2 protein chains.
Amino acid sequence: MLVESTRNDAVKRAKALANKKGRTEQGLHFIEGEKLVREAIVSGAEFVEAFVEEGHDLMEAVLIGSGARVYTAKRHVIESMTNTESPQWVCATVKTPPTDVPEVYPSGLIIALDKVQEPGNLGTIIRSADAMGAKGVLLGEGCADPYAPKPVRASMGSIYHLPIWDGDLKKELSKLVSDGYTPLCAHLKGSETLPDVGSNCVLVIGNESRGVSEEIADMCKLYRLPMYGFAESLNASVAASIIMYELAKQMHS
Amino acid sequence: MLVESTRNDAVKRAKALANKKGRTEQGLHFIEGEKLVREAIVSGAEFVEAFVEEGHDLMEAVLIGSGARVYTAKRHVIESMTNTESPQWVCATVKTPPTDVPEVYPSGLIIALDKVQEPGNLGTIIRSADAMGAKGVLLGEGCADPYAPKPVRASMGSIYHLPIWDGDLKKELSKLVSDGYTPLCAHLKGSETLPDVGSNCVLVIGNESRGVSEEIADMCKLYRLPMYGFAESLNASVAASIIMYELAKQMHS
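Residues numbered from 1 in each chain as written. Chains lettered and ligands numbered in written order. Predicted model: local features only at pLDDT ≥ 70, side-chain atom pairs only at ≥ 80, totals over all residues. Heavy atoms only, no water.

Asks: What exactly am I supposed to notice about the side chain of H161(B) here?
Replies: One can find H161(B) in the loop between α7 (149-155) and β8 (164-166). A distance of 2.7 Å separates the side chain of H161(B) from the side chain of E39(B), its partner in a polar contact. In terms of polar contacts, H161(B) uses its side chain to reach the side chain of S43(B), at 3.4 Å. The residues touching H161(B), leaving out its near neighbours within four places in the chain, are F230(A), A231(A), E39(B), S43(B) and D130(B). (Helix = DSSP H or I, 4+ residues; strand = E, 2+ residues; numbered from the N terminus. Polar contact = N/O pair within 3.5 Å; in protein donor to acceptor, adjacent residues only side chain to side chain. Contact = heavy atoms within 4.5 Å.)

Asks: Got a minute to help me understand the relation of the copies chain B and chain A in this structure?
Replies: Note: a rotation about an axis with an accompanying shift along it relates these two copies of the chain. Superposition record for chain B on chain A: RMSD 0.0 Å, screw rotation 180°, translation along axis 0.0 Å. This pairing of chains is accounted for by a two-fold axis. Mapped onto chain A, 100% of the interface residues of chain B are again interface residues, and the two copies thus contact each other with one and the same surface. (Least-squares fit on C-alpha atoms with pLDDT ≥ 70 in both.)

Asks: What is the right way to look at the pattern of salt bridges in this model?
Replies: Where charged atoms from two side chains of opposite charge come close, those side chains can pair. Residues and elements named next belong to chain A. Under the defined criterion, the tally for this structure stands at 28 salt bridges over all chains. With a closest N to O distance of 3.4 Å, K21 and E25 form a salt bridge. Taken together, the positions of K21 and E25, both in helix α2 (residues 20-26) and four residues apart, correspond to about one turn of that helix. Taken as a pair, K21 and E25 share a single burial class, namely exposed. E118 is the salt-bridge partner of K150, the closest N and O atoms lying 3.7 Å from each other. With K150 in helix α7 (residues 149-155) and E118 in the loop between β6 (109-113) and α6 (119-131), this residue pair connects regions lying 32 residues apart in the sequence. A cluster of three or more residues bridged by salt bridges with shared partners is formed by K20, R23 and D145. (Salt bridge = Lys/Arg side-chain N within 4 Å of Asp/Glu carboxyl O. Buried < 20%, exposed > 50% of the residue type's maximum accessible area, 1.4 Å probe, protein only.)

Asks: For this particular structure, what's the right way to read the pairing of strand β5 (residues 90-95) of chain A?
Replies: Along any regular strand, the residues point their side chains to alternate faces of the sheet. Residues and elements named next belong to chain A. Taken across its six residues, β5 has five buried, putting it largely inside the fold. Relative to β5, strand β2 (residues 28-32) runs antiparallel, the two being bridged by five bridges. Pairing of E32 across the sheet is with C91, part of β5. Two elements, strand β3 (residues 47-53) and β5, share five bridges in a ladder whose sense is antiparallel. (Pairing = 2+ DSSP bridges.)

Asks: How should empty space enclosed by the protein be read in this particular structure?
Replies: Empty space left among the atoms is revealed by rolling a probe the size of a water molecule over them. For the structure on display, the rule yields one cavity of 30 Å³ or more. Of the pockets and cavities examined, the largest cavity occupies roughly 90 Å³. K35(A), E39(A), R127(A), S155(A), M156(A), S158(A), H161(A), A231(B), E232(B) and S233(B) together form the lining of the largest cavity. Considering only residue class, the lining of the largest cavity consists of two nonpolar, four polar and four charged. (1 Å grid on protein atoms, 1.4 Å probe; cavity = no way out; pocket = protein on both sides within 12 Å on 5 of 7 lines; lining within 4 Å. Points joined across faces, edges and corners; volume = space filled by probe spheres on them. Nonpolar A, V, L, I, M, F, W, Y, C, P; charged D, E, K, R; others polar.)

Printed below as a string of C-alpha coordinates:
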(Lines give C-alpha, C1' and ligand atoms only; values in the text may rest on other atoms or scores of the structure.)
Protein backbone atom coordinates (compact mmCIF):
# COMPACT_ATOMS: atom_id res chain seq x y z
CA MET A 1 0.00 0.00 0.00
CA LEU A 2 1.45 3.35 -1.06
CA VAL A 3 0.92 6.20 1.37
CA GLU A 4 0.74 9.46 -0.54
CA SER A 5 -0.89 11.71 2.01
CA THR A 6 0.34 13.02 5.33
CA ARG A 7 -3.28 12.71 6.48
CA ASN A 8 -3.18 8.93 6.35
CA ASP A 9 -4.33 7.39 9.67
CA ALA A 10 -1.11 5.41 10.24
CA VAL A 11 0.91 8.57 9.65
CA LYS A 12 -1.25 10.41 12.17
CA ARG A 13 -0.74 7.66 14.74
CA ALA A 14 3.03 7.85 14.27
CA LYS A 15 3.05 11.63 14.53
CA ALA A 16 1.10 11.48 17.78
CA LEU A 17 4.14 9.73 19.31
CA ALA A 18 6.03 13.03 19.25
CA ASN A 19 4.15 13.82 22.46
CA LYS A 20 4.22 12.06 25.82
CA LYS A 21 0.43 11.77 25.78
CA GLY A 22 0.46 9.90 22.49
CA ARG A 23 3.27 7.63 23.62
CA THR A 24 1.45 6.76 26.84
CA GLU A 25 -1.91 6.16 25.15
CA GLN A 26 -0.47 3.95 22.41
CA GLY A 27 2.30 2.32 24.49
CA LEU A 28 4.62 2.99 21.55
CA HIS A 29 7.50 5.21 20.54
CA PHE A 30 8.83 6.43 17.21
CA ILE A 31 12.20 5.76 15.62
CA GLU A 32 13.71 7.08 12.42
CA GLY A 33 16.68 6.42 10.20
CA GLU A 34 18.24 3.27 8.85
CA LYS A 35 20.84 2.91 11.58
CA LEU A 36 18.39 3.10 14.47
CA VAL A 37 15.82 0.89 12.73
CA ARG A 38 18.47 -1.78 12.06
CA GLU A 39 19.67 -1.56 15.66
CA ALA A 40 16.10 -2.02 16.89
CA ILE A 41 15.60 -5.02 14.60
CA VAL A 42 18.75 -6.84 15.73
CA SER A 43 17.91 -6.05 19.36
CA GLY A 44 14.52 -7.75 19.01
CA ALA A 45 12.36 -4.66 19.44
CA GLU A 46 8.66 -5.20 18.76
CA PHE A 47 7.70 -3.24 15.66
CA VAL A 48 4.12 -2.18 15.01
CA GLU A 49 4.05 -0.01 11.89
CA ALA A 50 6.85 1.04 9.58
CA PHE A 51 7.15 3.51 6.72
CA VAL A 52 9.66 2.91 3.95
CA GLU A 53 10.30 5.20 1.01
CA GLU A 54 9.57 3.67 -2.40
CA GLY A 55 12.50 1.65 -3.71
CA HIS A 56 13.79 0.13 -0.46
CA ASP A 57 12.20 -3.29 -0.87
CA LEU A 58 14.86 -5.20 1.04
CA MET A 59 14.28 -3.21 4.22
CA GLU A 60 10.55 -3.76 3.77
CA ALA A 61 11.04 -7.51 3.88
CA VAL A 62 13.20 -7.31 6.99
CA LEU A 63 10.66 -5.11 8.76
CA ILE A 64 7.80 -7.46 7.89
CA GLY A 65 9.92 -10.23 9.39
CA SER A 66 10.19 -8.16 12.58
CA GLY A 67 6.41 -8.01 12.88
CA ALA A 68 5.77 -4.59 11.40
CA ARG A 69 2.89 -3.63 9.18
CA VAL A 70 4.89 -1.92 6.46
CA TYR A 71 3.71 1.02 4.37
CA THR A 72 5.53 2.22 1.31
CA ALA A 73 5.43 5.99 1.49
CA LYS A 74 6.23 8.98 -0.66
CA ARG A 75 9.33 10.89 0.46
CA HIS A 76 7.35 13.95 1.56
CA VAL A 77 5.22 11.76 3.83
CA ILE A 78 8.30 10.38 5.61
CA GLU A 79 9.81 13.86 5.83
CA SER A 80 6.62 15.09 7.49
CA MET A 81 7.12 12.51 10.25
CA THR A 82 10.86 12.70 10.90
CA ASN A 83 12.61 15.19 13.13
CA THR A 84 16.16 15.34 11.84
CA GLU A 85 17.65 17.71 9.32
CA SER A 86 19.11 15.06 7.06
CA PRO A 87 16.28 13.29 5.23
CA GLN A 88 15.47 9.73 6.32
CA TRP A 89 13.88 7.06 4.20
CA VAL A 90 12.62 4.79 6.93
CA CYS A 91 10.81 5.25 10.23
CA ALA A 92 8.71 3.05 12.47
CA THR A 93 6.63 2.74 15.60
CA VAL A 94 7.86 0.32 18.24
CA LYS A 95 6.37 -1.05 21.47
CA THR A 96 7.81 0.65 24.53
CA PRO A 97 9.21 -2.02 26.86
CA PRO A 98 7.83 -2.21 30.43
CA THR A 99 9.65 0.13 32.80
CA ASP A 100 8.69 -1.43 36.15
CA VAL A 101 11.56 -1.70 38.60
CA PRO A 102 12.79 -5.28 39.07
CA GLU A 103 12.31 -7.33 42.24
CA VAL A 104 16.02 -8.11 42.15
CA TYR A 105 18.43 -5.78 40.41
CA PRO A 106 21.10 -7.32 38.17
CA SER A 107 24.63 -7.47 39.57
CA GLY A 108 27.21 -4.96 38.38
CA LEU A 109 26.88 -1.27 37.63
CA ILE A 110 23.47 0.45 37.78
CA ILE A 111 23.01 4.06 36.68
CA ALA A 112 20.36 6.09 38.50
CA LEU A 113 19.20 9.50 37.26
CA ASP A 114 17.92 12.22 39.53
CA LYS A 115 15.91 14.75 37.49
CA VAL A 116 18.07 14.63 34.35
CA GLN A 117 15.94 16.86 32.16
CA GLU A 118 17.76 17.59 28.93
CA PRO A 119 16.59 15.00 26.37
CA GLY A 120 19.90 14.85 24.50
CA ASN A 121 21.84 14.31 27.74
CA LEU A 122 19.47 11.54 28.75
CA GLY A 123 19.99 9.66 25.48
CA THR A 124 23.76 10.19 25.59
CA ILE A 125 23.94 8.90 29.17
CA ILE A 126 22.00 5.77 28.17
CA ARG A 127 24.41 5.26 25.24
CA SER A 128 27.46 5.61 27.50
CA ALA A 129 25.91 3.39 30.18
CA ASP A 130 25.51 0.72 27.51
CA ALA A 131 29.06 1.18 26.22
CA MET A 132 30.44 0.88 29.75
CA GLY A 133 28.55 -2.33 30.43
CA ALA A 134 26.02 -0.96 32.92
CA LYS A 135 23.20 -3.37 33.68
CA GLY A 136 20.34 -0.89 33.60
CA VAL A 137 19.29 2.74 33.99
CA LEU A 138 16.89 3.76 36.76
CA LEU A 139 14.97 6.98 36.13
CA GLY A 140 13.74 8.75 39.23
CA GLU A 141 10.88 11.23 39.28
CA GLY A 142 11.31 14.32 37.11
CA CYS A 143 13.56 12.87 34.41
CA ALA A 144 12.91 13.49 30.73
CA ASP A 145 11.09 10.71 28.86
CA PRO A 146 13.71 8.38 27.31
CA TYR A 147 11.25 7.35 24.58
CA ALA A 148 10.80 10.87 23.22
CA PRO A 149 12.34 11.28 19.74
CA LYS A 150 15.49 13.14 20.81
CA PRO A 151 16.76 10.79 23.55
CA VAL A 152 15.90 7.81 21.35
CA ARG A 153 18.10 9.26 18.59
CA ALA A 154 20.90 10.29 20.98
CA SER A 155 20.94 6.79 22.50
CA MET A 156 21.81 5.39 19.03
CA GLY A 157 19.89 2.20 19.80
CA SER A 158 21.21 1.69 23.32
CA ILE A 159 17.66 2.00 24.70
CA TYR A 160 17.20 -1.51 23.26
CA HIS A 161 20.35 -2.92 24.87
CA LEU A 162 19.72 -2.47 28.56
CA PRO A 163 16.63 -2.14 30.76
CA ILE A 164 15.31 1.31 31.62
CA TRP A 165 13.32 1.48 34.83
CA ASP A 166 10.99 4.16 36.21
CA GLY A 167 10.97 4.27 39.98
CA ASP A 168 10.86 6.15 43.25
CA LEU A 169 14.54 7.07 43.40
CA LYS A 170 14.86 7.31 47.18
CA LYS A 171 13.07 4.01 47.74
CA GLU A 172 14.99 2.14 45.05
CA LEU A 173 18.30 3.55 46.20
CA SER A 174 17.56 2.34 49.75
CA LYS A 175 16.78 -1.08 48.35
CA LEU A 176 20.00 -1.17 46.32
CA VAL A 177 22.04 -0.09 49.34
CA SER A 178 20.48 -2.77 51.54
CA ASP A 179 21.23 -5.28 48.76
CA GLY A 180 24.92 -4.35 48.99
CA TYR A 181 25.36 -1.90 46.10
CA THR A 182 27.83 0.91 46.78
CA PRO A 183 25.93 4.19 46.20
CA LEU A 184 28.10 6.83 44.54
CA CYS A 185 27.27 10.25 43.23
CA ALA A 186 29.11 13.04 41.46
CA HIS A 187 29.17 15.99 43.83
CA LEU A 188 31.17 19.20 44.12
CA LYS A 189 31.84 18.42 47.79
CA GLY A 190 33.12 14.94 47.04
CA SER A 191 36.58 13.45 47.28
CA GLU A 192 38.72 13.47 44.14
CA THR A 193 39.67 9.84 44.74
CA LEU A 194 37.30 7.29 43.29
CA PRO A 195 36.31 4.94 46.12
CA ASP A 196 36.57 1.19 45.74
CA VAL A 197 32.99 0.29 44.84
CA GLY A 198 33.32 -3.50 44.84
CA SER A 199 31.40 -5.54 42.30
CA ASN A 200 27.99 -3.87 42.70
CA CYS A 201 27.55 -0.14 42.42
CA VAL A 202 24.80 2.37 41.76
CA LEU A 203 26.01 5.67 40.29
CA VAL A 204 23.58 8.57 40.74
CA ILE A 205 23.68 11.37 38.15
CA GLY A 206 21.99 14.63 39.09
CA ASN A 207 20.15 17.43 37.37
CA GLU A 208 22.10 19.54 34.84
CA SER A 209 21.94 22.72 36.93
CA ARG A 210 21.26 21.65 40.50
CA GLY A 211 23.13 18.35 40.68
CA VAL A 212 21.95 15.49 42.87
CA SER A 213 19.27 16.47 45.39
CA GLU A 214 20.41 16.69 48.98
CA GLU A 215 18.42 13.80 50.40
CA ILE A 216 19.78 11.52 47.69
CA ALA A 217 23.38 12.76 48.07
CA ASP A 218 23.12 12.08 51.82
CA MET A 219 22.68 8.40 51.01
CA CYS A 220 25.77 8.22 48.75
CA LYS A 221 29.54 8.34 48.76
CA LEU A 222 30.48 11.61 47.06
CA TYR A 223 33.02 11.81 44.25
CA ARG A 224 34.27 14.88 42.48
CA LEU A 225 35.94 14.53 39.09
CA PRO A 226 39.34 16.20 39.18
CA MET A 227 39.51 19.13 36.75
CA TYR A 228 42.55 20.96 35.51
CA GLY A 229 41.42 24.09 33.68
CA PHE A 230 39.12 27.09 33.88
CA ALA A 231 35.70 25.63 33.11
CA GLU A 232 33.63 25.33 36.26
CA SER A 233 32.03 22.12 35.20
CA LEU A 234 31.53 19.63 32.40
CA ASN A 235 28.44 18.88 30.38
CA ALA A 236 26.26 16.57 32.52
CA SER A 237 26.39 13.66 30.10
CA VAL A 238 30.16 14.06 29.70
CA ALA A 239 30.76 14.05 33.46
CA ALA A 240 28.46 11.04 33.88
CA SER A 241 30.25 9.19 31.08
CA ILE A 242 33.73 9.82 32.47
CA ILE A 243 32.70 8.48 35.88
CA MET A 244 31.02 5.43 34.30
CA TYR A 245 34.23 4.81 32.38
CA GLU A 246 36.33 5.00 35.54
CA LEU A 247 33.91 2.67 37.34
CA ALA A 248 33.89 0.20 34.46
CA LYS A 249 37.69 0.12 34.44
CA GLN A 250 37.79 -0.42 38.21
CA MET A 251 35.06 -3.07 38.21
CA HIS A 252 36.68 -4.99 35.31
CA SER A 253 40.22 -4.84 36.71
CA MET B 1 16.91 54.00 24.52
CA LEU B 2 14.01 51.55 24.63
CA VAL B 3 13.82 49.15 21.71
CA GLU B 4 10.20 48.24 21.08
CA SER B 5 10.42 46.87 17.55
CA THR B 6 12.07 43.77 16.18
CA ARG B 7 12.80 45.86 13.09
CA ASN B 8 15.26 48.07 14.93
CA ASP B 9 18.63 48.23 13.12
CA ALA B 10 20.69 46.96 16.06
CA VAL B 11 18.29 44.02 16.42
CA LYS B 12 18.69 43.26 12.71
CA ARG B 13 22.48 43.34 13.04
CA ALA B 14 22.35 40.91 15.96
CA LYS B 15 19.98 38.58 14.13
CA ALA B 16 22.30 38.50 11.11
CA LEU B 17 24.86 36.78 13.36
CA ALA B 18 22.76 33.62 13.27
CA ASN B 19 24.42 32.96 9.90
CA LYS B 20 28.06 32.42 9.05
CA LYS B 21 27.88 35.16 6.42
CA GLY B 22 26.74 37.73 8.97
CA ARG B 23 29.38 36.63 11.49
CA THR B 24 32.14 36.91 8.90
CA GLU B 25 31.01 40.29 7.58
CA GLN B 26 30.63 41.85 11.02
CA GLY B 27 33.50 39.98 12.74
CA LEU B 28 31.12 39.36 15.63
CA HIS B 29 29.12 36.58 17.25
CA PHE B 30 25.98 36.50 19.35
CA ILE B 31 25.58 35.32 22.93
CA GLU B 32 22.48 35.01 25.06
CA GLY B 33 21.56 34.39 28.66
CA GLU B 34 22.84 35.79 31.92
CA LYS B 35 25.32 33.00 32.60
CA LEU B 36 27.09 33.22 29.26
CA VAL B 37 27.08 37.04 29.26
CA ARG B 38 28.62 37.11 32.74
CA GLU B 39 31.22 34.55 31.71
CA ALA B 40 32.12 36.65 28.67
CA ILE B 41 32.42 39.78 30.84
CA VAL B 42 34.75 38.20 33.39
CA SER B 43 36.81 36.66 30.57
CA GLY B 44 37.40 40.09 29.04
CA ALA B 45 35.44 39.56 25.84
CA GLU B 46 34.96 42.68 23.72
CA PHE B 47 31.29 43.59 23.70
CA VAL B 48 29.77 45.68 20.92
CA GLU B 49 26.01 45.88 21.47
CA ALA B 50 23.86 44.42 24.22
CA PHE B 51 20.12 44.09 24.77
CA VAL B 52 18.73 44.00 28.27
CA GLU B 53 15.09 43.56 29.22
CA GLU B 54 13.57 46.49 31.09
CA GLY B 55 14.23 46.29 34.82
CA HIS B 56 17.74 44.82 34.80
CA ASP B 57 19.60 48.07 35.42
CA LEU B 58 22.52 46.52 37.25
CA MET B 59 23.47 44.33 34.30
CA GLU B 60 23.16 47.36 32.05
CA ALA B 61 25.81 49.17 34.06
CA VAL B 62 28.16 46.19 33.97
CA LEU B 63 27.75 45.82 30.21
CA ILE B 64 28.43 49.50 29.62
CA GLY B 65 31.60 48.99 31.68
CA SER B 66 32.56 46.18 29.30
CA GLY B 67 32.34 48.51 26.33
CA ALA B 68 28.91 47.62 25.04
CA ARG B 69 26.37 50.01 23.64
CA VAL B 70 23.39 48.88 25.71
CA TYR B 71 19.78 48.91 24.56
CA THR B 72 16.90 48.39 26.92
CA ALA B 73 14.47 46.16 25.04
CA LYS B 74 10.94 44.86 25.36
CA ARG B 75 10.74 41.17 26.20
CA HIS B 76 9.31 40.23 22.80
CA VAL B 77 12.26 41.91 21.08
CA ILE B 78 14.77 39.83 23.06
CA GLU B 79 12.70 36.70 22.49
CA SER B 80 12.81 37.35 18.74
CA MET B 81 16.62 37.26 18.88
CA THR B 82 17.32 34.34 21.22
CA ASN B 83 17.40 30.70 20.23
CA THR B 84 16.70 28.80 23.43
CA GLU B 85 13.40 27.54 24.74
CA SER B 86 13.67 29.15 28.16
CA PRO B 87 13.26 32.90 27.78
CA GLN B 88 16.39 35.00 28.26
CA TRP B 89 16.49 38.63 29.37
CA VAL B 90 19.91 39.56 28.09
CA CYS B 91 21.86 39.00 24.88
CA ALA B 92 24.78 40.69 23.21
CA THR B 93 27.10 40.85 20.23
CA VAL B 94 30.77 40.23 20.88
CA LYS B 95 33.93 40.58 18.77
CA THR B 96 35.17 37.23 17.52
CA PRO B 97 38.80 36.79 18.56
CA PRO B 98 41.42 36.20 15.83
CA THR B 99 41.74 32.56 14.89
CA ASP B 100 45.16 32.58 13.18
CA VAL B 101 47.39 29.71 14.17
CA PRO B 102 50.26 30.75 16.45
CA GLU B 103 53.92 30.82 15.42
CA VAL B 104 54.72 28.80 18.53
CA TYR B 105 52.07 26.61 20.12
CA PRO B 106 51.73 26.72 23.89
CA SER B 107 53.18 23.79 25.83
CA GLY B 108 50.84 21.13 27.18
CA LEU B 109 47.76 19.55 25.66
CA ILE B 110 46.41 20.78 22.31
CA ILE B 111 43.12 19.50 20.90
CA ALA B 112 42.83 19.27 17.10
CA LEU B 113 39.52 18.63 15.36
CA ASP B 114 39.22 16.88 12.02
CA LYS B 115 35.82 17.69 10.46
CA VAL B 116 33.81 17.73 13.69
CA GLN B 117 30.51 18.86 12.25
CA GLU B 118 27.82 18.65 14.89
CA PRO B 119 27.60 22.12 16.50
CA GLY B 120 26.64 20.82 19.95
CA ASN B 121 29.55 18.36 19.96
CA LEU B 122 31.95 21.11 18.98
CA GLY B 123 30.86 23.34 21.87
CA THR B 124 30.93 20.45 24.33
CA ILE B 125 34.45 19.44 23.22
CA ILE B 126 35.65 23.03 23.72
CA ARG B 127 34.07 23.03 27.21
CA SER B 128 35.77 19.75 28.13
CA ALA B 129 39.09 20.87 26.64
CA ASP B 130 38.91 23.90 28.91
CA ALA B 131 37.98 21.82 31.97
CA MET B 132 40.89 19.47 31.32
CA GLY B 133 43.38 22.31 31.04
CA ALA B 134 44.04 22.07 27.29
CA LYS B 135 45.98 25.04 25.95
CA GLY B 136 43.97 25.56 22.76
CA VAL B 137 41.70 23.99 20.14
CA LEU B 138 42.83 23.77 16.52
CA LEU B 139 40.01 23.46 13.98
CA GLY B 140 40.98 21.84 10.69
CA GLU B 141 39.06 22.33 7.46
CA GLY B 142 35.42 21.22 7.47
CA CYS B 143 34.63 21.76 11.14
CA ALA B 144 31.47 23.51 12.29
CA ASP B 145 31.82 27.19 13.15
CA PRO B 146 32.51 27.48 16.90
CA TYR B 147 30.98 30.97 16.97
CA ALA B 148 27.56 29.84 15.74
CA PRO B 149 24.88 30.16 18.44
CA LYS B 150 24.70 26.47 19.36
CA PRO B 151 28.41 25.74 19.97
CA VAL B 152 28.74 29.04 21.81
CA ARG B 153 25.92 27.97 24.16
CA ALA B 154 27.25 24.41 24.54
CA SER B 155 30.72 25.72 25.38
CA MET B 156 29.24 27.52 28.41
CA GLY B 157 31.74 30.32 28.06
CA SER B 158 34.79 28.13 27.46
CA ILE B 159 35.26 29.73 24.03
CA TYR B 160 36.54 32.73 26.02
CA HIS B 161 38.96 30.70 28.15
CA LEU B 162 41.29 29.19 25.58
CA PRO B 163 42.40 30.09 22.05
CA ILE B 164 40.57 28.58 19.09
CA TRP B 165 42.64 28.37 15.92
CA ASP B 166 41.61 27.75 12.30
CA GLY B 167 44.30 26.00 10.31
CA ASP B 168 45.40 23.49 7.72
CA LEU B 169 45.24 20.40 9.91
CA LYS B 170 47.87 18.35 8.11
CA LYS B 171 50.34 21.21 8.01
CA GLU B 172 49.80 22.23 11.64
CA LEU B 173 50.00 18.65 12.83
CA SER B 174 53.35 18.24 11.03
CA LYS B 175 54.57 21.38 12.73
CA LEU B 176 53.42 20.19 16.15
CA VAL B 177 55.09 16.81 15.62
CA SER B 178 58.37 18.43 14.58
CA ASP B 179 58.10 20.63 17.68
CA GLY B 180 57.98 17.50 19.83
CA TYR B 181 54.25 17.11 20.52
CA THR B 182 53.06 13.50 20.69
CA PRO B 183 50.25 13.13 18.13
CA LEU B 184 47.45 10.89 19.37
CA CYS B 185 44.09 10.05 17.88
CA ALA B 186 41.11 7.98 18.86
CA HIS B 187 40.84 5.16 16.37
CA LEU B 188 39.05 1.82 16.22
CA LYS B 189 42.33 0.15 15.21
CA GLY B 190 44.28 1.66 18.11
CA SER B 191 45.78 0.08 21.18
CA GLU B 192 43.65 0.04 24.35
CA THR B 193 46.62 1.22 26.38
CA LEU B 194 47.07 4.97 26.53
CA PRO B 195 50.65 5.72 25.45
CA ASP B 196 52.93 7.90 27.53
CA VAL B 197 52.55 11.25 25.76
CA GLY B 198 55.14 13.23 27.70
CA SER B 199 54.49 16.87 28.52
CA ASN B 200 53.34 18.04 25.06
CA CYS B 201 50.57 16.27 23.20
CA VAL B 202 48.14 16.96 20.38
CA LEU B 203 44.94 14.90 20.53
CA VAL B 204 43.08 14.65 17.21
CA ILE B 205 39.31 14.12 17.33
CA GLY B 206 37.62 12.93 14.15
CA ASN B 207 34.31 13.33 12.40
CA GLU B 208 31.21 11.94 14.17
CA SER B 209 30.57 9.24 11.55
CA ARG B 210 33.83 8.68 9.72
CA GLY B 211 36.38 9.28 12.49
CA VAL B 212 39.82 10.74 11.80
CA SER B 213 40.75 10.83 8.10
CA GLU B 214 43.33 8.30 7.02
CA GLU B 215 46.16 10.69 6.14
CA ILE B 216 45.83 12.33 9.55
CA ALA B 217 45.60 9.01 11.43
CA ASP B 218 48.78 7.88 9.64
CA MET B 219 50.64 10.69 11.39
CA CYS B 220 49.38 9.73 14.88
CA LYS B 221 49.65 7.13 17.59
CA LEU B 222 46.29 5.36 17.66
CA TYR B 223 44.34 4.80 20.86
CA ARG B 224 41.07 2.97 21.29
CA LEU B 225 38.99 3.59 24.41
CA PRO B 226 38.25 0.29 26.08
CA MET B 227 34.51 -0.44 26.12
CA TYR B 228 32.64 -2.98 28.16
CA GLY B 229 29.12 -3.23 26.84
CA PHE B 230 27.00 -3.51 23.70
CA ALA B 231 27.10 -0.01 22.25
CA GLU B 232 29.43 0.14 19.27
CA SER B 233 30.66 3.58 20.09
CA LEU B 234 30.27 6.62 22.28
CA ASN B 235 29.01 10.05 21.38
CA ALA B 236 31.93 11.90 19.75
CA SER B 237 32.14 14.61 22.39
CA VAL B 238 31.92 12.01 25.17
CA ALA B 239 34.73 9.91 23.70
CA ALA B 240 36.85 13.02 23.16
CA SER B 241 36.22 14.16 26.74
CA ILE B 242 37.13 10.82 28.28
CA ILE B 243 40.44 10.74 26.40
CA MET B 244 41.19 14.36 27.35
CA TYR B 245 40.49 13.42 30.96
CA GLU B 246 42.87 10.47 30.79
CA LEU B 247 45.55 12.63 29.16
CA ALA B 248 45.10 15.40 31.75
CA LYS B 249 45.49 12.88 34.57
CA GLN B 250 48.63 11.42 32.96
CA MET B 251 50.17 14.81 32.16
CA HIS B 252 49.50 16.15 35.68
CA SER B 253 50.73 13.05 37.51
